[in-house]
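Below are the chains, spelled out letter by letter.
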Amino acid sequence: MATQTQTGSALYSLKFKDKLLVKTQSSDALLKKMKVLHAELCGIGQENINKDSLSSIKSHLIDKSILLHRDKGVKAYAACCMADLLRLTAPDAPYTALELKDMFQFFFRQLVTGLKGEDSPWYNEYIYLLESLATIKSVCLVPDLPNGDDLTADIFRDLFDLVKLDLPKKVELYMSDILVSLIEESPAIPSSVVDIILAQFTPKNARMDHPTFRLGVDVCKATSDRLQSLVAQYFADIIVQHNSEDDTGDLAKAHNLIVQINKSCPALLNNVIPQLGEELTAEDPNFRSLATQTMGELFSEQGGDELAQKYPQVWKSWITRTRDKSAGVRVTFIEASKGMLGHHSSLRHEVAEVLRSKMLDTDDKVRAAACRIYSHMDYETALHNVTTDQLKELAQRILDKKPSVRQEALTAIGKLYRLAFPEIEAGEPTAIDHFAWIPEEILHSIEKLTETRMWVERAILKYILPLPSKGEDEAQWSDQLLVVMRHLDMRAMQALVSLSTINAPQPTMEGRFLEACKEYNGGIVDNNEEEVTKKFNAIVTQLSTRFPDRVKAAEDLRNFAKLNESRLYKLLSIALDPQTDMKALVKATTEFTRRVEQAASSISETMNDLFRRASFYIINHSSIPSLSKRIQRFSENDPEGAAKAEFILERICKYCPAMLKTHIPEFIKALSEEGNVPLIGISLQALSSATRADPSGVKRLVEKAARFAKAGHRKYAKFGTRILAFSSGASSKCQELVEEITKALDIHDPNVRLEGQLCALAEAAKSSPDAFEEQSETIIGFLLKHVLSSSPDEIDEDEEWDENEKAPLDARLKILALKICVNRCMAHATRDSALDIARPVIKMLFAILSNMGSVKADQADHAHTKARLRLQACLSLLRLATVQIYSQAINPHFVNLALLIQDPSFQVRMGFLHKIIQLLFQRKIDPRYHTVLFMTALDPDKDITLTARAYVLTSLRRLPRDLRILSYEQMVPRLLYLLALHPDFSLEPESLQDTVKYIDLYIDTVLTSDNIHLITYITQRVKGVRLEEHHYSENLYAVSELLLHRIRLKAMRNSWTTNAYPGKIQLPGDVFKPLPSSEVAAKILRTVYLPEEKLQLLDEQTKAMKAAPKPRKPRGTNGTRKRKSSPINKQPRRVKRRKKPSYDDESSETDESDGEDPDDKIDEDEDVESSPKSEKMDEDTDDQPSSPKSGRGAPRKAKVRTGVSCAYAFANLMSVGSANAKSKGWGVRCTLNR
């Protein structure tokens, strides 16, 4: 009967009366009873049950025959019934502790073994059981049971295994509720449970599509307050257990686990963060590194700024790891901080400043890491969160002394530019300001540090000017080049031309290597084996100097030759051909890379670099039509873009006329565009180059050329005259032109036609000397009387270097007058009358130098005009010095010429230096000019010193041994001679300090442990001779003692030994004379011209000056030091800091602006040596610097550069051997006693 409650309502009594335990009943019968019982129990409310009525079934349900029944359905329903009993009898379970333990084990055993998916048998019953455990929370009884910790751990383990089956979301929620209940109700959570939970955060599980990870996150978020201390203890135990430098694997895993936990449940780490803060200052650098990495990732995650505010001491401690004594820790800090630059505005500034400082770290690994971090940035982060100054600091690392840093910096800055290029191309102002300067900075690095060239080439091809994927969109590829060039100054554009291969002398080193490979035939040579092998090895040795690792490069080149694959040779020939279009080049590049990788992957990098250098991958045959159209269409709408296109075409005409061959009809047609001056100018230049290459190849052009030559425009006149000079059967036309111009010469011409006329005459003097010579007396007389001797009415003392086209007309005319005279000399260099013609010209040029830019000593002129004339005079003298007979006439005045390297004008100094470097590299001038390079040591502009130093170091590395000795070691006496006759030299301390700097530049670059004995020997020999100007001999002896002293100091610092030199050296007889007697020689040897006390004082002063560098006072300015007059020119010389002129794009008069032809060097080479190998080596040999604008239109201060920079010449002129030197008799006068 029903039992009543206190309120009078009746309690429900269980109606089920069947016996569950019957010996002979079948499984089906028992299952049927279980279903009936479960149906009744699940419908009873917890508060409406007469618990006594349940006593008849409670013991039966936990009987072993039920718990171990073979039928899964019986056990499934039994588990549901047990769960109902626990629900109905809560909170007092009607079982003993052991019975409850068996019951819960039974529950989870059924779930693990039976719940396999929604289609598994008894699925609904298992879900019912799981839901009951989750909602009734009967699992709260588990911690109080015997071995409750183990049972709790088993439940966690079972449910995390079960959730892997990817069951419905509600099942995960039930499991989460069960586990949360266990944690919340457990008086002490077992450590094994913590292990199980944290195991779900390992990298292989830590993703939201992984159900175990989702379950672990849900549990941790719900119970973070209880788990915090346990998690902290977990990590503390790991640290204690693995407190060894040799055992960091588990520590690293633990710290990675912290990062994963922070991403999904940061509240769990509240007690862990302080522990990491302690690790940041641990003694063990491995601990500090792990903690630094971990904290960096935590701060980089979303919410990292709040984390830094919550734990300010930890943040401060983490930031100080940038000054950690371990470079590895500093590297770790940098790598871990990259996320903060894009995510947290409150932390970004502090981190960015720290990263900026680390680019100047003392350890190269740290600097490389600081550069690498920028390569992982996206465009928006770099644009908005990185300042331009920071990017420029990154670009400066391109010049780092370590190759690894240079490589990372180039990669990073190149990637950023590639990301920004679409916006730059679209004209986005912010992108232009932030990134458009990058190619210019990359290209400048070649000049400052030639070792960067290989990496720069790779960066240009990969990031700045990548080839089109299939070579189909040639116009777009050409536009890409113009977009880049729009933001380049003249130095960078010259560098780009150098990289483009078009100005490489023919045959190129790569072409010579290809021919040598074919002759070598994989090592199987039928005829002249020794000669062929020797030639092949020589080319390989020379070519390998262009690579960073010359040893590996030489080995790779030999291995390539051993492959002897004709298809690879064919592909390389395609790359070398200037007629190869872009589509063919892209196809050849892809195939060459693939074939080399398949044949010998170890040589692929070297050979890919070689293929790139051989190919026209920047300026191509396919570029010409697009560039011509830019000039034709946009000269008015986009003059800057047209000027850049014109610049490229000018260089093609100048350096690679073979590329124009198929485009000649287009240029002839363009001559009809009379309103487009740039287009006509470049067309005439292209046609003149083609005419010179093939005099009969261009038809029906003589009349047009004559008309343009008389037009008055300087470029028209120049190239029109050249076409006439080289066209077949047009000699009479050229003669008529010269006669007509000579008759029309008038200094007072109101139409300013005189400039164009002089341009035509300058070209005629060079290209058609016979036609010019008939009128030479009249022309030269006119130039001397009316041009070179003229003075302006008003004198401007401002030395500001204007752009060429803005220079005064009289300055331009005087420069052209000098060029006419020099061109005439060069045209007659091989004739008997050469010296008679040249001697007055040489005298006049030295007079200009002596008179500081005027032909006459009392001639007044503008300061900037004088500076231009000094530069033109020295360039002209250098050009004349390429001819042996003229060089002999110039050599007696060498000191006067050499001291121009200290001219007051920066443009004069830099122009002079670049021309010397260019000609030295081509072996066209006497090796004595190497001494001029070391006279740049005191230049107030660091770029001049760096340029000279870069050339010296590069040539020392690449020159053959005999030429190296001739150029540097044997030049010691001439350097001492130059220093002894320097107008500022004296034995006063201040003067000696300057001399030390000249000497130190020589010692720092040239002196090594291998040549110290030779240089010491030569220096000692100097005290056995005297100067022709014998009153300067004491200066010479003092300088030689100073050089010996500095050599000894470096030898002591480097622990070098100075053995006696076993050979004999003959000192130059043109400046050194023998002593009159042995008694005089003995006296000189005994005399000490620089006492030890003075040398020690000088060393101390030198050290102090290096510690606190002080700008050198210009010579000749007001100051305490008095200048001694030069023994050669008796004129004061002053060195001023340059005034940086603004650049302007080279206009259509780029080459005309200084009256010299872009192709002049071809003629000069013919005049000097008539060597086909030297053609196209020295164009514009006496060009003055034009001053083009920087790329964005607005003028800015920059440096004017003259000629081809030394760095560009290094790589492109290396194929010039020692033939020039040998032909001039500059042999090595050194014999060794072996």
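Conventions used here
Residues numbered from 1 in each chain as written. Predicted model: local features only at pLDDT ≥ 70, side-chain atom pairs only at ≥ 80, totals over all residues. Heavy atoms only, no water. Helix = DSSP H or I, 4+ residues; strand = E, 2+ residues; numbered from the N terminus. Contact = heavy atoms within 4.5 Å. Areas by Shrake-Rupley, 256 points an atom, 1.4 Å probe, with all protein chains shown as cover. Phe/Tyr/Trp six-rings, centres within 6.5 Å; stacked < 30°, edge-to-face > 60°. Buried < 20%, exposed > 50% of the residue type's maximum accessible area, 1.4 Å probe, protein only. Lys NZ or Arg CZ within 6 Å of the ring centre and 35° of its normal. Core = buried A, V, L, I, M, F, W, Y, C linked by side-chain atoms within 4.5 Å. Polar contact = N/O pair within 3.5 Å; in protein donor to acceptor, adjacent residues only side chain to side chain. Axes fitted to C-alpha atoms, helices over the stretch in contact; angles between N-to-C directions. Parallel < 35°, antiparallel > 145°, perpendicular 65-115°, else oblique. Nonpolar A, V, L, I, M, F, W, Y, C, P; charged D, E, K, R; others polar. Left-handed = near helix turned anticlockwise from the far one by under 90°. Disulfide = S-S within 2.5 Å. pLDDT = per-residue confidence, 0-100. Expected span 1.5 Å × (residues − 1). Salt bridge = Lys/Arg side-chain N within 4 Å of Asp/Glu carboxyl O.

Visitor: Before we go on, may I ask you to explain the overall build of the protein chain in this structure?
Guide: The number of helices and strands found in the protein chain is 61 helices and 6 strands. Counting only contacts in the protein chain whose residues sit at least 6 apart along the sequence, the fraction spanning at least 24 positions is 76%. When the accessible surface of the protein chain is totalled, it reaches about 49,900 Å², and 49% of it is carbon and sulfur.

Visitor: Looking at this structure, how should I read the packing of aromatic side chains?
Guide: Aromatic rings in a pair are described by how distant their centres are and how their planes are angled relative to each other. In the structure shown here, the tally under the stated rule is 24 aromatic pairs. Seen from their ring centres, Tyr417 and Phe421 are 5.9 Å apart, and the 55° between their planes marks the pair as tilted. With Tyr417 and Phe421 both in helix α22 (residues 403–425), this residue pair falls 4 residues apart, about one helical turn. You'll find Tyr417 and Phe421 in the same group, each marked buried. Three or more aromatic residues joined by ring pairs form one cluster here, namely Phe513, Tyr520, Phe536, Phe560, Tyr569, Phe592 and Phe611. A cation sits over an aromatic face here: Arg458 above Trp455, 4.5 Å from the ring centre. Lying across the ring of Phe547, Arg613 places its NZ or CZ 5.9 Å from the centre.

Visitor: For this particular structure, what's the right way to read the nonpolar core?
Guide: Generally speaking, a soluble globular protein has its nonpolar side chains buried in company with each other. Phe104, Phe107 and Phe513 are the most contacted members of the largest nonpolar core, which has 387 residues in total. In this view, Phe104 contacts Leu86, Leu133, Ser138, Val139, Leu141, Val142, Leu145 and Leu151; residues no more than four positions away in its chain are not counted.

Visitor: Help me out: how do you make sense of the side chain of Arg397 in this one?
Guide: With respect to the helices and strands, the residue Arg397 is situated in the loop between α21 (388–396) and α22. Arg397 gets classed as buried once you look at its relative accessible area, which sits at 14%. Looking at Arg397, its side chain comes within polar contact range of the main-chain oxygen of Met359, at 3.3 Å. At a separation of 2.5 Å, a polar atom in the side chain of Arg397 contacts the side chain of Asp400. Beyond its immediate stretch of four places on either side in the chain, Arg397 contacts Met359, Leu360, Arg367, Cys371, Val405, Arg406 and Ala409.

Visitor: What should I look at first to understand the packing of helix α46 (residues 863–880) against helix α49 (residues 906–921) in this one?
Guide: A pair of packed helices is captured by two measures, namely the crossing angle of their axes and the spacing between those axes. Running from amino to carboxyl end, α46 crosses α49 at an angle of 10°, the nearest separation of the two axes being 9 Å. With respect to their mutual orientation, α46 and α49 come out roughly parallel. Between α46 and α49, the contacting residues are Ala867, Leu871, Cys874, Leu875 and Leu878 on the first element and Gln907, Val908, Gly911, Phe912, Lys915, Ile916 and Leu919 on the second. The class makeup of the residues in the contact of α46 with α49 is 9 nonpolar, 2 polar and 1 charged.

Visitor: Is there a simple way to explain the packing of helix α13 (residues 285–300) against helix α16 (residues 327–336) in this structure?
Guide: In contact at an axis separation of 8 Å, α13 and α16 are set at 10° when each is read in the N-to-C sense. Relative to α16, the element α13 lies roughly parallel. Taken as a pair, α13 and α16 cross one another with a handedness that is right-handed. Along the contact surface, α13 presents Pro285, Arg288, Ser289, Thr292, Gln293, Gly296, Glu297 and Ser300, while α16 presents Gly328, Val329, Thr332, Phe333 and Ala336. When the residues that make up the contact of α13 with α16 are grouped by side-chain class, the tally is 4 nonpolar, 7 polar and 2 charged.

Visitor: Just to check I follow, could you spell out the state of the cysteines for this structure?
Guide: Defined simply, a disulfide is a covalent bond joining two cysteines at their sulfur atoms. Counting across every chain of the model gives 0 disulfides. Summary of cysteine pairing: Cys265 is not part of a disulfide, and the nearest cysteine sulfur, belonging to Cys220, is at 5.1 Å. Using a relative accessible area of 3% as the deciding quantity, one classes Cys265 as buried.

Visitor: I would appreciate a short explanation of the confidence of the model for the protein chain in the present structure.
Guide: Close inspection of predicted coordinates is inappropriate in any region flagged by low pLDDT. Mean pLDDT over the protein chain stands at 82; residues scoring 70 or higher make up 86%. A low-confidence stretch, residues 1109–1234 (pLDDT under 50), is modelled with 438 contacts involving residues beyond four sequence positions or located in other chains.

Visitor: Looking at this structure, how should I read the environment of Leu499?
Guide: Position of Leu499 among the secondary structure elements: in helix α27 (residues 490–499). Put simply, Leu499 and Met454 are 45 residues apart on the chain and 9.9 Å apart in space, counted from C-alpha to C-alpha. Other than its neighbours up to four places away in sequence, Leu499 contacts Leu443, Ile446, Arg453, Val456, Glu457, Ile460, Tyr617 and Ile618.

Visitor: Help me out: how do you make sense of helix α41 (residues 754–767) in this one?
Guide: The periodicity of an α-helix, 3.6 residues per turn, causes residues three or four places apart in sequence to face the same way. Along its 14 residues, α41 runs 20 Å from first to last C-alpha, staying within 8% of the 20 Å computed at 1.5 Å per residue. Burial analysis of α41 places 14 of its 14 residues in the buried class, the great majority of the element.

Visitor: Can you help me understand helix α33 (residues 604–614) in this one?
Guide: Among the 11 residues of α33, 9 are classified as buried, and the element is accordingly described as predominantly covered. Along α33, the residues that are buried comprise Ser604, Thr606, Met607, Asp609, Leu610, Phe611, Arg612, Arg613 and Ala614. Those residues of α33 that are buried lie in contact with α25 (453–464), α28 (509–520), α29 (529–544), α30 (550–563), α31 (566–576) and α32 (582–599).

Visitor: Please explain the environment of Leu482 as it appears in this structure.
Guide: In this structure, Leu482 sits in helix α26 (residues 474–485). Given the relative accessible area of 8%, Leu482 is considered buried. Taking the C-alpha atoms as reference points, Leu482 and Ala643, separated by 161 residues in sequence, lie 9.7 Å from one another. Aside from chain neighbours lying at most four places away, what touches Leu482 is Leu627, Arg630, Gly641, Lys644, Ala645 and Ile648.

Visitor: How should the pattern of salt bridges be read in this particular structure?
Guide: Oppositely charged side chains may form a pair once their charged atoms are brought near each other. Under the criterion given, the structure shown has 48 salt bridges. Taking the shortest distance from any N to any O, the salt bridge between Glu773 and Arg824 comes out at 2.8 Å. Linking Glu773 in helix α42 (residues 769–773) with Arg824 in helix α44 (residues 809–827), this pair joins segments that are 51 residues apart in sequence. The class of Glu773 is partly exposed, set by a relative accessible area of 25%. Of the residues examined, Arg824 reaches a relative accessible area of 16% and is grouped as buried. For the salt bridge of Glu1041 with Lys1023, the shortest nitrogen-to-oxygen distance reads 2.8 Å. Separated by 18 residues along the polypeptide, Glu1041 in helix α56 (residues 1033–1054) and Lys1023 in the loop between α55 (1012–1021) and β3 (1025–1027) bring together distant segments of the chain. Across the pair, exposure class does not vary: Glu1041 and Lys1023 are buried alike. Bridged by salt links that share partners, the residues Arg453, Glu457, Arg458, Glu605, Asp609, Arg612 and Arg613 form one connected network.

Visitor: I keep staring at unusual backbone geometry and nothing clicks. Help me out?
Guide: Apart from glycine, the bulk of residues carry a negative phi angle, and the bulk of peptide bonds sit in the trans form. With an omega of -5°, the peptide bond between Gln506 and Pro507 qualifies as cis. With respect to the helices and strands, the residue Pro507 is situated in the loop between α27 and α28. Backbone geometry at Asn521 places phi at a positive 55°, although glycine is not the residue there. The partly exposed category is assigned to Asn521, whose relative accessible area is 32%. At Asn528, a residue that is not glycine, the phi angle is positive and equals roughly 50°. In this structure, Asn528 sits in the loop between α28 and α29. The class of Asn528 is exposed, set by a relative accessible area of 53%.

Visitor: I keep staring at the side chain of Glu755 and nothing clicks. Help me out?
Guide: Structurally, the position occupied by Glu755 is in helix α41. Of the residues examined, Glu755 reaches a relative accessible area of 9% and is grouped as buried. Among the polar contacts listed, one links the side chain of Glu755 to the side chain of Arg714, at a separation of 2.3 Å.

Visitor: Could you clarify how one ought to interpret the environment of Gln233 in this entry?
Guide: Along the chain, Gln233 falls in helix α10 (residues 211–241). With 38 residues separating them in the primary sequence, Gln233 and Asn271 have C-alpha atoms 8.9 Å apart.

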